[in-house]
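Observations on chain architecture
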Amino acid sequence: MLLPNINDPEQLKTLSVPELDTLAEEIRRFLIEKLTVTGGHLGSNLGVVELTLALHYCYDSPRDKMIYDVGHQAYVHKILTGRQDRFDTLRKKDGLCGFVKRSESEHDVWEAGHSSTSLSAAMGMAMARDLKGEDNKVIAVIGDGALTGGMAFEALNHIGHERRKLMVILNDNEMSIAPNVGAMHNYLSKIRSDRHYLRAKDEVEGLLRRIPAIGGKLAKTAEKLKDSLKYMMVPGVLFEELGFTYLGPVDGHDIEKMIETFHQADNVSGPVLVHVLTTKGKGYKPAETDFYKSHAISPYKIESGQSLKAVGNPMYTEVFGQTLIELGHEDQRLIAVTPAMPGGSGLFPFAKEFPDRMIDVGIAEQHAATLCAALAMEGMKPVYAVYSTFMQRAYDQIVHDICRHNANVMFAIDRAGFVGADGETHQGVYDIAFMRHIPNMVMMMPKDENELRHMMKTALEYNDGPIAYRYPRIDGTGVALDPELRVLPIGSWERLRPGDDYAVLACGPMVQVAEEAAEVLKREGIQVGVVNARFLKPLDNTMLLELAHAGTSMVVMEEASQAGSLGSAVLEFFSEQEIYDARVHLMGVPDIFIEHGSVKEQRQQTGLTVEALCARIKAMKALSKYTYKTTSTS
Ligand SMILES: Cc1ncc(C[n+]2csc(CCOP(=O)(O)OP(=O)(O)O)c2C)c(N)n1
Ligand SMILES: CC(=O)[C@@H](O)[C@H](O)COP(=O)(O)O
Ligand SMILES: [Mg+2]
């Protein structure tokens, strides 16, 4: 057994290639076993075992900078840099992060979670290195999925122009989370499969060099001919034209070949792109054969890869997917757009039913938003199905292309609120704050999956501009679903419980928390009203005025950034109305990044629990007595 003794990259360099191969197999077994308990990004990591070994064998981390795009495929890097014994804590509270994390190790030089940032990071580090007169290597490892992201293209454009020395490793497994899509993907597939492309690049270029230079009139024609031959026969010519030296394709499970290629790359003075072919899930059948199982999985049975997650109520995501089919039958103009998350967004059933009406644009949140704007302006009914966290990428497109045009785009914002194990890079807690202030936007959040269905119907029937519904990454409440879909009056809230002294204005899953807290407090003799603040914009002004005029003390509770979300909107309303004595307390996500753990732990950490709400109301009660006493005696 080599693995338990390999705790730093220096030890790795003493191994022979056969020993590295043995180590690769041991690492694979280690990951497959450990992740049965913790879950995690299994397939992506199994695919890069040899690649990561070859990198650490050839380069000196952390002096040489290894930058992993997305950072979900860095488990092997973590094992090789002294974190093997922490894998039982993977993605758990205070445990090993599922992504690259600078606070964990000096070998983690760049953090991510969102995709396609690695090339810009590599360029920045290479520039800094040159400006400081240093000579370390800079290496970005980017997957074929992440390469579909706009930022990656922007960086390729810059790197190819500047021609600084750095290495891009394109880890091509033909998969994003779902099978990869797009013209670049088609181009890479061609390189993989076309035997002409697989000819040794040197051989072809040598041949071309041997065609004698011809002077005079024929020169131009000959050069054109050479160019055409090159285009036909040299793999990766697109990257070459962009200013990179292209090396590959190389078998990403052959350590010796990769070491050879990296040495070759070291002799190139400008940017190099090494095209590495890997298999996602390599070495674990369930992950190799089922792409759902090959990406982010929950704990599983080792023999079958079958999930051990207890079967609960259908998730909001599933209810969304099923309801979309109903609406798709109702309105032929409805079309779903996803930036690379067809499975996670629950769109596969819709795609099966309406294969021409589901568009996966790749990791292209910005493009997806503008595409939806244009579809809407031409009379279609686009649903932009997107995770809250990834929608952050499309802020300008939402303002500039969707809201300014007042385009009838429906936003299905999944993973709104805490997401659990993915942690701080993926929390869906900012979208209310960065969307509600944009003119024309309407925003909703359902208290349960039944209401989600009504919101979807409401959005479809709404023809006055953009409208969003956001829902969490959790199981639904199990409520019975109305077969009849209803249109909700825009800006209407629901009073679920009466209570004149205190009222909790809650949205989404916090409504249930508020109801439970109200029950607890009722037993203690405190009557608390509960309002389902299901429209985040526009607010229910009438209800707010009623509450203020009744002298009700309000708590606004939301699993969203406290700054700028629903609570802020309520305060703004009272300020606009010049109602300065409304008593409003905010309970939201504080001004810190919330790390990985379970959703329950994340709620505990931020005080979004029944206990914390009860405590807050009791404190308000105590304070109001005091305030009352002092004012009445003065
Ligand atoms: C901006 C953004 N959009 C979507 C995602 C979700 N996502 C995470 S990994 C991934 C697929 C990446 O594919 P690839 O880079 O080829 O890596 P692989 O898992 O195949 O190794 C996607 C779509 C993300 N992390 N960031
Ligand atoms: C790395 C990444 O961004 C995705 O793989 C993400 O972890 C998926 O999240 P869900 O499990 O919520 O679909
Ligand atoms: Mg891939």
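Residue numbers restart at each chain and count upward from 1, following the sequence in its written direction. Just so you know, chain letters begin at A and ligand numbers begin at 1, following the order they were written in. In keeping with the model being predicted, local features are shown solely for residues with a pLDDT of at least 70 and side-chain atom pairs are shown and tallied solely at 80 or more, while totals for entire chains, interfaces and linings include all residues. Note: side-chain values were computed over all heavy atoms of the structure, leaving out hydrogens and water.

In the nomenclature of an unreviewed UniProt entry, the chain corresponds to 1-deoxy-D-xylulose-5-phosphate synthase from the organism Paenibacillus tianjinensis. The heading Function (unreviewed entry) in the UniProt record of the chain holds the text "Catalyzes the acyloin condensation reaction between C atoms 2 and 3 of pyruvate and glyceraldehyde 3-phosphate to yield 1-deoxy-D-xylulose-5-phosphate (DXP)." UniProt positions are given in the numbering used here, feature names are shortened, and annotations may be inferred rather than shown by experiment. Checking UniProt for the chain, the heading Catalytic activity (unreviewed entry) contains the comment "D-glyceraldehyde 3-phosphate + pyruvate + H(+) = 1-deoxy-D-xylulose 5-phosphate + CO2".

Quick look at the coordination of the magnesium ion (ligand 3) now. Every protein donor of the magnesium ion (ligand 3) is listed here as D144 (OD), N173 (OD1) and M175 (O), and their distances to the metal cover 2.0 to 2.2 Å. Coordination of the magnesium ion (ligand 3) draws on donor residues from a single chain, spaced D-x28-N-x1-M in sequence. Here D144, found in the loop between β3 (138–143) and α7 (150–162), pairs with M175, found in the loop between β4 (167–172) and α8 (183–193); they are 31 residues apart in sequence, far enough to count as distant. We call a residue buried when its accessible area falls under 20% of the maximum for its residue type, exposed when it is over 50%, and partly exposed in between, using a 1.4 Å probe and counting protein chains only. On the accessibility criterion, D144 (2% relative accessible area) is buried. Donor atoms: N, O and S within 2.8 Å of the metal, or within 3.2 Å for Na, K and Ca. Because water is excluded, sites can look incomplete. Secondary structure elements are taken from DSSP: a helix is a run of H or I of four residues or more, a strand is a run of E of two residues or more, and numbering for both begins at the N terminus.

Turning next to the pattern of salt bridges. Any Lys or Arg side-chain nitrogen located within 4 Å of an Asp or Glu carboxyl oxygen qualifies as a salt bridge. Overall, the coordinates contain 34 salt bridges when judged by the stated rule. As a salt-bridge pair, E326 and R453 come within 2.9 Å of each other at their nearest N and O atoms. Of this pair, E326 sits in helix α15 (residues 316–330) while R453 sits in helix α21 (residues 449–461); the two residues are 127 residues apart in sequence, bridging distant segments of the chain. Here E326 falls in the partly exposed class, since its relative accessible area comes to 35%. Salt-bridge contacts for E519 lead to R497; the nearest nitrogen and oxygen are separated by 2.4 Å. Highlighted residues: E519 in helix α22 (residues 510–523) and R497 in strand β14 (residues 494–497), separated in sequence by 22 residues. Given a relative accessible area of 14%, R497 falls into the buried group.

With that settled, the discussion passes to the domain arrangement of the chain. Along its sequence, the chain is carved into domain 1 (43–72 + 90–198 + 235–280), domain 2 (316–470) and domain 3 (494–633). Note that domain bounds follow an automatic or database assignment of domains. The gap between the C-alpha centroids of domain 1 and domain 3 is 48 Å. Whether two residues touch is decided by their heavy atoms; if any such pair falls within 4.5 Å, the residues are in contact. Facing eight residues of domain 1, the contacting portion of domain 3 comprises five residues. A quick way to say it: buried area is the sum, across both parts, of accessible area lost when two parts are put together, with a 1.4 Å probe. Of the roughly 450 Å² buried between domain 1 and domain 3, counting both surfaces, carbon and sulfur atoms make up 53%. Sorting the residues of domain 1 by area buried against domain 3 places R91, K93 and K101 first, and these three jointly supply 73% of that buried surface. If you look at where domain 1 meets domain 3, you find one salt bridge. The partner of K101 in a salt bridge is E595, with the nearest N and O atoms 3.6 Å apart.

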